[in-house]
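For reference, the chains in residue letters:
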Number of protein chains: 2
Amino acid sequence: MSADSRPRRGRPGHDRDQVLAVAVQLFNEQGYDATSVADVAARLGLTKSALYHHFASKQELLRLALDAALDALEEVLDRTLAEPGTASDHLRQVVRGAVDVLTARQPSVTLLLRVRGNTDVEQEALRRRRAFDQRVTALVRAAQDEGLVRADIDAAVATRLVFGMVNSLVEWYRPDGAVDPDELARDVLAVALDGLQSPR
Amino acid sequence: MSADSRPRRGRPGHDRDQVLAVAVQLFNEQGYDATSVADVAARLGLTKSALYHHFASKQELLRLALDAALDALEEVLDRTLAEPGTASDHLRQVVRGAVDVLTARQPSVTLLLRVRGNTDVEQEALRRRRAFDQRVTALVRAAQDEGLVRADIDAAVATRLVFGMVNSLVEWYRPDGAVDPDELARDVLAVALDGLQSPR
DNA sequence: GTCTATAGAATGATAGAC
DNA sequence: GTCTATCATTCTATAGAC
């Protein structure tokens, strides 16, 4: 449907999405700063100059990947809060949705979680990430007021702990691995809400 | 007592520990690869050459910091397993000890958790880290066999989720911040073992 | 759309004076 | 123990041919 999805004419070459996917994969393997444009080009089987035909700069590759991750995470929050339900219901859905995004878009989210704020592109991503965290913290606080989330832990700390657990998935989850994403989402919710101990 | 603790003679200059601490802090702020030796020297108020008088290479700074973090984490495991107790007791102590190490030695542990394996130094650190993870996973499995840890989640997944939560502390915990490390350790154990929901 | 060739800047590391 | 000066290498990005 979109202009991008129509069949390419002439010799195939590489399109932007394909180049971006390879670049993000390499950024995650070696780190963004440790990966040169020549590294990316080599893995694609072309030269630096050819790569610069597709993208204006190395930072543009980074910016596109970070925007994709942030768009997906913000959409989970927007969609959840637009539906009726208690704060506790919303919180459960946001955690579930975040796990879904992390597993479905692992490469770009991994990149996002490693950003240090060295450049304008990275600082803008950090700004959006902080805004996301604050909205989730407000949700945790509301769930505490409802009495369904324990109130003996500060809402900001509780949010960071749970999302620390969720975010850590990018360090080891792989789409082609042995762990099923649906089962994983169930496990994360189980540990986050009920804990590791056997139900008494 | 040790040779290193005797008073320095002559003009003070900088000693290795001081230089290392500044380097690790900068590595964490900007990322190891994004930080040049000139950056480290500038923050110390001296030149690159003066820094190379204290250390043979940029990688030596990295190696010393990673070894410090790994030594501390392995010591927690060794010390815990040497004591009598059930696997569930040991697991609780290891989580508690890991939080203590993360808060007390946040800079070097942060660096460890971000290593990508680009060089021999980094790969050796990853090897030790994997060995640590496997020993903890064995502990979780033993605690499941005892019946005190829920058995409906794979031991390796459960270990990664809990330590994902623990490790995420380095992203936001600061020694001079508002959160007390003892209280934080209590909160981590509470969420990890009993979950976020109010006790029913 | 891809190539060769290269500009211009920054990097890790060293030599040698003080 | 710190400095100035410098080296070889690598980096991002560009010019211009095919």
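Residues numbered from 1 in each chain as written. Chains lettered and ligands numbered in written order. Predicted model: local features only at pLDDT ≥ 70, side-chain atom pairs only at ≥ 80, totals over all residues. Heavy atoms only, no water.

Trainee: Looking at this structure, I do not really get the overall build of chain A. What am I missing?
Mentor: Scanning chain A for helices and strands turns up nine helices and zero strands. Helices (α) and strands (β) of chain A occur, in sequence order from the N terminus, as α-α-α-α-α-α-α-α-α. Sorting the 200 residues of chain A into buried and exposed places 46% on the buried side. Restricting to contacts in chain A with at least 6 residues of sequence separation, those with at least 24 account for 63%. As presented, chain A carries roughly 10200 Å² of accessible surface, and 50% of it is formed by carbon and sulfur atoms. In chain A, 26 side chains carry a positive charge and 30 a negative one; their mean positions are 5 Å apart. (Helix = DSSP H or I, 4+ residues; strand = E, 2+ residues; numbered from the N terminus. Buried < 20%, exposed > 50% of the residue type's maximum accessible area, 1.4 Å probe, protein only. Contact = heavy atoms within 4.5 Å. Areas by Shrake-Rupley, 256 points an atom, 1.4 Å probe, with all protein chains shown as cover. Lys, Arg positive; Asp, Glu negative; His and termini not counted. Charge placed at Lys NZ, Arg CZ, Asp CG, Glu CD.)

Trainee: Explanation requested: the interface of chain A and chain B in the structure shown.
Mentor: By a frequent convention, interface size equals the accessible area lost on bringing the separate parts together. Tallying the contact residues gives 43 residues for chain A and 43 residues for chain B. Carbon and sulfur atoms supply 57% of the area that chain A and chain B bury against each other, a total of about 3900 Å² over both sides. The tally of links from chain A across to chain B stands at two salt bridges. Residue Glu171 of chain B pairs with Arg116 of chain A through a salt bridge whose shortest N-O separation is 3.9 Å. For the interface between chain A and chain B, the tally reads 24 residue pairs in polar contact (both at pLDDT 80 or more). Those elements giving two or more residues to the side of chain A that touches chain B turn out to be helix H1 (16-30), helix H5 (87-104), helix H8 (155-167) and helix H9 (181-194) of chain A. The leading source of residues in the side of chain A that touches chain B is H9 of chain A, at nine residues. When the residues that make up the side of chain A that touches chain B are grouped by side-chain class, the tally is 20 nonpolar, 10 polar and 13 charged. (Buried area = accessible area lost by both parts, 1.4 Å probe. Salt bridge = Lys/Arg side-chain N within 4 Å of Asp/Glu carboxyl O. Polar contact = N/O pair within 3.5 Å; in protein donor to acceptor, adjacent residues only side chain to side chain. Nonpolar A, V, L, I, M, F, W, Y, C, P; charged D, E, K, R; others polar.)

Trainee: Even after reading the chapter, I still don't get the packing of aromatic side chains, so can you show me in this structure?
Mentor: Pairs of aromatic rings are described using the distance from one ring centre to the other and the angle between the two planes. Residue and element names in this part refer to chain A. Tallied over the full model, the rule gives four aromatic pairs over all chains. Ring geometry for Phe27 versus Tyr32: centroids 4.9 Å apart, planes at 75 degrees, classification edge-to-face. Sitting over the ring of Tyr32, Lys58 keeps its end group 4.5 Å from the ring centre. (Phe/Tyr/Trp six-rings, centres within 6.5 Å; stacked < 30°, edge-to-face > 60°. Lys NZ or Arg CZ within 6 Å of the ring centre and 35° of its normal.)

Trainee: Explanation requested: the pattern of salt bridges in the structure shown.
Mentor: Opposite charge on two side chains makes pairing possible when the charged atoms of those side chains draw close. If you walk through the whole model with that rule in mind, you get 30 salt bridges over all chains. With its nearest N and O atoms 2.8 Å apart, the salt bridge here joins Arg128 of chain B to Glu74 of chain B. Note that Arg128 of chain B is positioned in helix H7 (residues 120-146) and Glu74 of chain B in helix H4 (residues 58-82), a separation of 54 residues in sequence. Put simply, Asp67, Asp71, Glu74 and Arg128 of chain A are held in one network by salt bridges that share partners.

Trainee: Looking at this structure, I do not really get the relation of the copies chain A and chain B. What am I missing?
Mentor: Both copies of the chain are related by a screw-like operation: a rotation about an axis and a shift along it. Taken as rigid bodies, chain A and chain B are interconverted by a rotation of 180 degrees and an axial shift of 0.0 Å, the fit giving an RMSD of 0.0 Å. What we have between these two chains is a two-fold relation. The residues that chain A uses at the interface reappear at the interface of chain B in 100% of cases, marking a shared surface. (Least-squares fit on C-alpha atoms with pLDDT ≥ 70 in both.)

Trainee: What am I meant to see in the environment of Arg114 of chain B here?
Mentor: Residue position: Arg114 of chain B is located in the loop between helix H6 (106-113) and H7. Overall, the relative accessible area of 24% leaves Arg114 of chain B in the partly exposed class. Sequence-distant contacts of Arg114 of chain B, defined by excluding residues within four places in its chain, comprise Arg116 of chain A together with Asn28 and Glu171 of chain B.

Trainee: In this structure, what is going on with helix H4 (residues 58-82) of chain A? I would like to understand it.
Mentor: Owing to its 3.6 residues per turn, the α-helix aligns residues three or four sequence positions apart on the same side. Residue and element names in this part refer to chain A. Taking 1.5 Å per residue, 25 residues should reach 36 Å; H4 reaches 37 Å between its end C-alpha atoms and fits that length. Taken as a whole, H4 has its buried residues at Glu60, Leu61, Leu62, Ala65, Leu66, Ala69, Leu70, Ala72, Leu73, Val76, Leu77 and Thr80. For H4, the secondary structure elements touched by its buried residues are H1, helix H3 (48-54), H5, helix H6 (106-113) and helix H7 (120-146). (Expected span 1.5 Å × (residues − 1).)

Trainee: Explain the protein's contact with DNA strand C to me, please; I cannot follow it from the model alone.
Mentor: Contacts to DNA strand C come from 18 residues, most closely from Thr47 and Ser49 of chain A together with Lys48, Ser49 and Tyr52 of chain B. Atoms of DNA strand C within 4 Å of the protein: sugar and phosphate make up 47%, bases the balance. One nitrogen or oxygen atom from the main chain of Thr47 of chain A is found 2.8 Å from a phosphate oxygen belonging to DNA strand C. Within the contact set of DNA strand C, a base oxygen lies 2.8 Å away from a side-chain nitrogen or oxygen of Ser49 of chain B. When contributions to the surface near DNA strand C are tallied by element, the ones reaching two or more residues are H3 of chain A together with helix H3 (48-54) of chain B. (Near = heavy atom within 4 Å.)

Trainee: Explain the domain arrangement of chain A to me, please; I cannot follow it from the model alone.
Mentor: Residue and element names in this part refer to chain A. As far as domains go, chain A holds domain 1 (1-56) and domain 2 (65-196). Here the C-alpha centroids of domain 1 and domain 2 sit 29 Å apart. Domain 1 puts six residues into the contact, and the matching count from domain 2 is eight residues. Both faces combined, the contact of domain 1 with domain 2 buries some 490 Å², and carbon together with sulfur accounts for 56% of it. (Domains from an automatic or database assignment.)

Trainee: Help me out: how do you make sense of empty space enclosed by the protein in this one?
Mentor: By rolling a water-sized probe across the atoms, one finds the places where empty space is left. Residues and elements named next belong to chain B. Evaluation of the coordinates by the stated rule reveals six cavities of 30 Å³ or more. What the largest cavity holds in volume is close to 100 Å³. Of all the elements in the fold, those that place two or more residues in the lining of the largest cavity are helix H5 (87-104), H6, H7 and helix H8 (155-167). In terms of residues, the lining of the largest cavity owes the most to one element, H7, which gives three residues. Residue composition of the lining of the largest cavity, by class: seven nonpolar, one polar and two charged. (1 Å grid on protein atoms, 1.4 Å probe; cavity = no way out; pocket = protein on both sides within 12 Å on 5 of 7 lines; lining within 4 Å. Points joined across faces, edges and corners; volume = space filled by probe spheres on them.)

Trainee: Whenever I open this one, the side chain of Asp187 of chain B confuses me. Can you help?
Mentor: With respect to the helices and strands, the residue Asp187 of chain B is situated in helix H9 (residues 181-194). Here the side chain of Asp187 of chain B touches Arg186 of chain B through a polar contact of 2.8 Å, side chain to side chain. Beyond its immediate sequence surroundings of up to four residues, Asp187 of chain B is in contact with Asp152, Ile153, Val157 and Leu161 of chain A.

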